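Coordinate inspection notes
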Amino acid sequence: MTTPKHARPGYSMSDASAQPQGRSSGAWHEHESASTYPTVDSPQFHAMGASRRFANRTPVARKRTVRDRLNALAHPVRAMAVAGLTLALVGVVGCSALSSLASSSDSDSSTSTTTTTESTATHAKEAVAADTASMTFEYSNRDSDASYDASSATTITFGDSSATVSGSGATADGSTVTITTAGTYVISGSASDAQIVVAAADDEKVQLVLDGVTMSCSSGPCINVQTADKVFITLDSGSTNTLSDGSGWTLTGEDGEPNATIYSECDLTINGSGSLTVNATVNHGISSKNDLTITGGTIDVTSVGDGLHGKDSVQISDGDITIDSQSDGIKSTETDEDDKGYVSIDGGTIAITAVDDGIQASKLVRIAGGELEIDVEGDAIHGDYDVQIADGELVINAGDDGVHAEYNLSIEGGQTTVETSVEGLEGQCVEISGGENLVYSSDDGINAAAATTDTATTDATATTATSTAATSDSTQTTGEAPQAPSGDAAGGTAPSGDMPSGEAPSGELPSDAGGTPPDASGSTGGGMAGGNAGGGMAGASSACNITISGGSTTLVCTADGDSLDSNGNIEMTAGELYISGVSGGDNGAIDYESTATITGGTAFVVGNSGMDGAFTSDSTQPFIAVSASGQAGSTVTVEDSSGNVVASYTSVNGFSYVVVSNASLVDGQEYTILVNGQEATTATASTEAATTTMGSGGGMAGGNGGGGFGGRGGGDMANGDASSGQGQQSGTTQTTTV
């Protein structure tokens, strides 16, 4: 097994050998051929950014600070996780797999094409997905070309209450300058109440070169682009520029109203190598009604509204960007056009602090490069449809979800570190096929849950109340624990009443997916969501899937949640999975509604024996599931009959249950489980479901054959006889066959 770079002891993320060289700097000219941005197969990293709290440090110091934080956080978890595990990883496409990004080069001098991503499926593929096939994620050569001809350019120089224009295409009225024709305009000077208005023809392109300008506007945007085909704002080399709006500006809320310090009705591109500070006290910092593209510059935005807002799209290929927003950091909102409503990041250094979400898009958030640090009160990354992470380095602190896709979340590469979150990674379908992923969460680490947007109720094929879960043999879908039944269940004797063998328990199935919790007698059947495919939970659906087919993923629960939780299926075919779940309560390290299969890869899971979810019997790779207890920091080791270490993991949390599977386990062979070098128990590797207490089937008393904790109603009682209902508690030193 290969330990991720950012988790290897002694590894430095600043090591040049581990940091592939990016494209060279400099202007792109019209005659140059198209360039290709990084894909999962050709990673490209730029200088690491920092949040506002690092703003006073030099770029190099900021880069090292963020990298050191990522190193320090990752080492304790992943370094402890690795000992004696060897496995060849095979990439297999999973549930809602979004295929590896394939790069293509366009010979047209006007565009440099990045990548196009299409969706495939193996499980019940959700019908709703972003139309990525029509999203080309292109940057024109001129988007990144910051050059201009100073000899032919018109110059605009601001004074305190006036502006001077030298050249054609622009006129000045006091401190308001109006540009009406295509061309290049070099802007400098300082003004306390000034504005630049662009009102060119719809087929004309305008380049605004900011060359040391400081201006504010009390009545509207500092730069107000009303009409043009496209506007380029070039931050001249070595220049420092500051734009601020004023308190005298009040928004009316009318559609099409200028609503940002830099506002454009047409496509807007920011390029160059100078710096730009935007202070937006009324609403957004930088906004375009069409596409907003950034290919360079050092940009610092403080805003009451969104930091960067592109209705049709926001695309970033390079630049050092810092955003401090009282709303969302970066946002795209278009819903009517299938190929719009996305945020695409291919490179650059981006640090976001926000009261709401860090990055939000109505269709797709796509990250294929760059280095991002996101510290927000809402979701760090939120896609109303999909989220794709193909490359890049992400450090996330979220007050809600780390990464949330309403439908499809795909991680194909890069390094994603979620330092704090409620739920770490969430989507209706979550597929991990690559990358190095470390997730801390107070609730679920990875959660596959049915989509809840309005679109889900009309377009989704498997998210309505008539999901397949309603016809399964588990009927409780509220997620609440059943009440204790009457009778002598606590003593191991089944309550009175016949228990049918292999048939559904008595009582009517609910008419909707919500179900009804069992009453005190347990006659409704079902069981608590959790354990090994036990009773349902709200939103149970075959459309919900978690697929792991590559990469290395570590989940650490910091409070009380399920680490790996699917309201449908879990499938692992390759890759590495390490879980430190909760040590007690009613949440488990692995929780699912239908099946959880493993056919390849390495899984080492420690958690709570009260909710002892493991893999199901349709797995083809042997696994061990056994009760064994330890404290936080305890090392669990699995040895074969010859004393060879097959697997080892040091838990971050206390635990009482262990699940292990890798290619070295042999079906039918007995293994010894040691905790801190002391034998705790033995177990036999198998592809059959675990039979420990509160696992699959039966569980605590279920009158009239009702289910119980984590079991299928009417099924076999744990380690006991279905007809008698007698169960046996598995101790930490008991030999357990799985």
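Residues numbered from 1 in each chain as written. Predicted model: local features only at pLDDT ≥ 70, side-chain atom pairs only at ≥ 80, totals over all residues. Heavy atoms only, no water.

1. A word on the overall build of the protein chain
- On a plain count of helices and strands, the protein chain comes out with two helices and 51 strands.
- Scored against the burial criterion, the 738 residues of the protein chain give a buried share of 60%.
- Taking the intrachain contacts of the protein chain between residues at least 6 apart in sequence as the baseline, contacts between residues at least 24 apart amount to 60%.
- Summed over its atoms, the accessible surface of the protein chain is roughly 24,700 Å², and 46% of this surface lies on carbon and sulfur atoms. (Helix = DSSP H or I, 4+ residues; strand = E, 2+ residues; numbered from the N terminus. Buried < 20%, exposed > 50% of the residue type's maximum accessible area, 1.4 Å probe, protein only. Contact = heavy atoms within 4.5 Å. Areas by Shrake-Rupley, 256 points an atom, 1.4 Å probe, with all protein chains shown as cover.)

2. Brief notes about the pattern of salt bridges
- Using the criterion set out here, one finds seven salt bridges in the structure.
- One salt bridge in this structure joins aspartate 229 and lysine 205, with 2.8 Å as the shortest N-O distance. Within this pair, whereas aspartate 229 is found in the loop between β12 (223-227) and β13 (230-235), its partner lysine 205 is found in strand β11 (residues 205-217), the two being separated by 24 residues in sequence.
- By relative accessible area, which is 29% here, aspartate 229 ends up partly exposed.
- Under the relative-accessibility criterion, lysine 205 is labelled partly exposed at 33%. (Salt bridge = Lys/Arg side-chain N within 4 Å of Asp/Glu carboxyl O.)

3. Section: the packing of aromatic side chains
- In the structure shown here, the tally under the stated rule is five aromatic pairs.
- With centroids separated by 5.9 Å and ring planes inclined at 25°, the aromatic side chains of tyrosine 578 and tyrosine 649 adopt a geometry described as stacked. One end of the pair, tyrosine 578, is in strand β40 (residues 569-580); the other, tyrosine 649, is in strand β46 (residues 645-650), with 71 residues separating them in the sequence.
- Tyrosine 578 gets classed as buried once you look at its relative accessible area, which sits at 0%.
- Judged by relative accessible area, tyrosine 649 falls into the buried class, the value being 0%.
- Ring plane angle 40° and centroid distance 5.4 Å describe the contact between phenylalanine 604 and tyrosine 649, whose orientation is recorded as tilted. Highlighted residues: phenylalanine 604 in strand β43 (residues 602-607) and tyrosine 649 in strand β46, separated in sequence by 45 residues. The residues phenylalanine 604 and tyrosine 649 share a single accessibility class, namely buried.
- Here the aromatic residues Tyr578, Phe604 and Tyr649 are joined through ring pairs into a cluster of three or more.
- Over the aromatic face of phenylalanine 137 sits the side chain of arginine 366, whose NZ or CZ is 4.4 Å from the ring centroid. (Phe/Tyr/Trp six-rings, centres within 6.5 Å; stacked < 30°, edge-to-face > 60°. Lys NZ or Arg CZ within 6 Å of the ring centre and 35° of its normal.)

4. Here we look at the environment of lysine 289
- Inspection of the secondary structure puts lysine 289 in the loop between β18 (284-288) and β19 (291-294).
- Expressed as a C-alpha distance, the spacing of lysine 289 and glycine 310, which sit 21 residues apart in the sequence, is 6.1 Å.
- For lysine 289, the residues in contact, after removing those within four places along its chain, are Gly256, Tyr263, Ser264, Glu265, Lys311 and Asp312.

5. Some details on the pairing of β12
- Of the pairings in the sheet, the one linking strand β10 (residues 195-199) to β12 comprises four bridges and is parallel in character. Across the sheet, residue valine 198 finds its bridge partner in β12, namely valine 225.
- In terms of strand pairing, β12 meets strand β15 (residues 260-264) through three bridges, oriented parallel. Directly across from isoleucine 223, in β15, lies its bridge partner isoleucine 262. (Pairing = 2+ DSSP bridges.)

6. Examining unusual backbone geometry
- Even without glycine at this site, phenylalanine 137 takes up a positive phi of about 50°.
- You can see phenylalanine 137 is positioned in the loop between β3 (115-116) and β4 (138-139).
- The backbone of asparagine 676 shows a phi angle near 55°, a positive value even though the residue is not glycine.
- Tracing the backbone shows asparagine 676 in the loop between β48 (670-675) and β49 (678-684).

7. Some details on the nonpolar core
- In terms of nonpolar packing, the biggest core is built from 97 residues, with Phe158, Leu208, Val231, Ile233, Ile286, Leu308 and Ile330 touching the most fellow members.
- Apart from residues no more than four positions distant in its own chain, leucine 208 is found in contact with Ile179, Tyr185, Ile187, Val198, Ile223, Val231, Phe232, Ile233 and Thr234. (Core = buried A, V, L, I, M, F, W, Y, C linked by side-chain atoms within 4.5 Å.)

8. What to know about a negative patch on the surface
- Taken together, the side chains of Asp131, Asp336, Glu337 and Asp338 define an acidic patch exposed on the protein surface.
- Topologically, aspartate 338 is positioned in the loop between β24 (330-332) and β25 (342-345). (Patch = residues over 30% accessible without salt bridge, like charges linked within 9 Å, V, L, I, M, F, W, Y side chains within 5 Å. Lys, Arg positive; Asp, Glu negative; His and termini not counted. Charge placed at Lys NZ, Arg CZ, Asp CG, Glu CD.)

9. Some details on the environment of threonine 595
- By secondary structure assignment, the location of threonine 595 is in the loop between β41 (590-592) and β42 (596-598).
- Owing to a relative accessible area of 24%, threonine 595 belongs among the partly exposed residues under this scheme.
- Among all residues touching threonine 595, those that are not within four sequence positions of it are Gly568, Asn569, Ile570, Thr616 and Asp618.
- Polar contacts involving the side chain of threonine 595 include one to the side chain of asparagine 569, which spans 3.0 Å. (Polar contact = N/O pair within 3.5 Å; in protein donor to acceptor, adjacent residues only side chain to side chain.)

10. Some points on the environment of asparagine 397
- Within the secondary structure layout, asparagine 397 lies in strand β30 (residues 386-398).
- For asparagine 397, a relative accessible area of 11% puts it in the buried group.
- Counting along the chain gives 21 residues from asparagine 397 to valine 418, while the straight-line C-alpha distance between them is 6.2 Å.

11. What about the side chain of aspartate 312?
- With respect to the secondary-structure elements, aspartate 312 resides in the loop between β21 (308-310) and β22 (313-316).
- The charged side chain of aspartate 312 is buried without a salt bridge, its nearest counter-charge being lysine 340 at 4.9 Å.
- If we ignore the near neighbours within four places in the chain, the residues touching aspartate 312 are Lys289, Asn290, Asp291, Ser332, Glu334, Glu337, Lys340, Gly341 and Tyr342.

12. Things to note about the pairing of strand β28 (residues 364-376)
- With twelve of 13 residues buried, β28 lies mostly within the body of the structure.
- Here β25 runs beside β28; their pairing, made up of four bridges, is parallel. Residue valine 343 lies in a different strand from β28, and its bridge partner there is valine 365.
- Across six bridges, the pairing between strand β26 (residues 349-354) and β28 is parallel. Bridge pairing links isoleucine 350 to leucine 372 in β28.
- Across eleven bridges, the pairing between β28 and β30 is parallel. The residue bridging isoleucine 374 from the neighbouring strand is isoleucine 396, located in β30.

13. Side note on the confidence of the model for the protein chain
- Scored by pLDDT, the protein chain comes out at a mean of 73, with 63% of its residues at no less than 70.
- Taken together, the stretch residues 74-126 has pLDDT below 50 and engages in 185 contacts with residues farther than four places along the chain or on a different chain.
- Confidence drops under pLDDT 50 across residues 691-738; counting only partners more than four residues distant or on other chains, this segment forms 167 contacts. (pLDDT = per-residue confidence, 0-100.)

14. What about the state of the cysteines?
- This model, assessed by the stated rule, comprises zero disulfides.
- We note that cysteine 222 lacks a disulfide partner, and the nearest cysteine sulfur, in cysteine 217, lies 5.7 Å from it.
- The exposure class assigned to cysteine 222 is buried, which follows from its relative accessible area of 0%. (Disulfide = S-S within 2.5 Å.)

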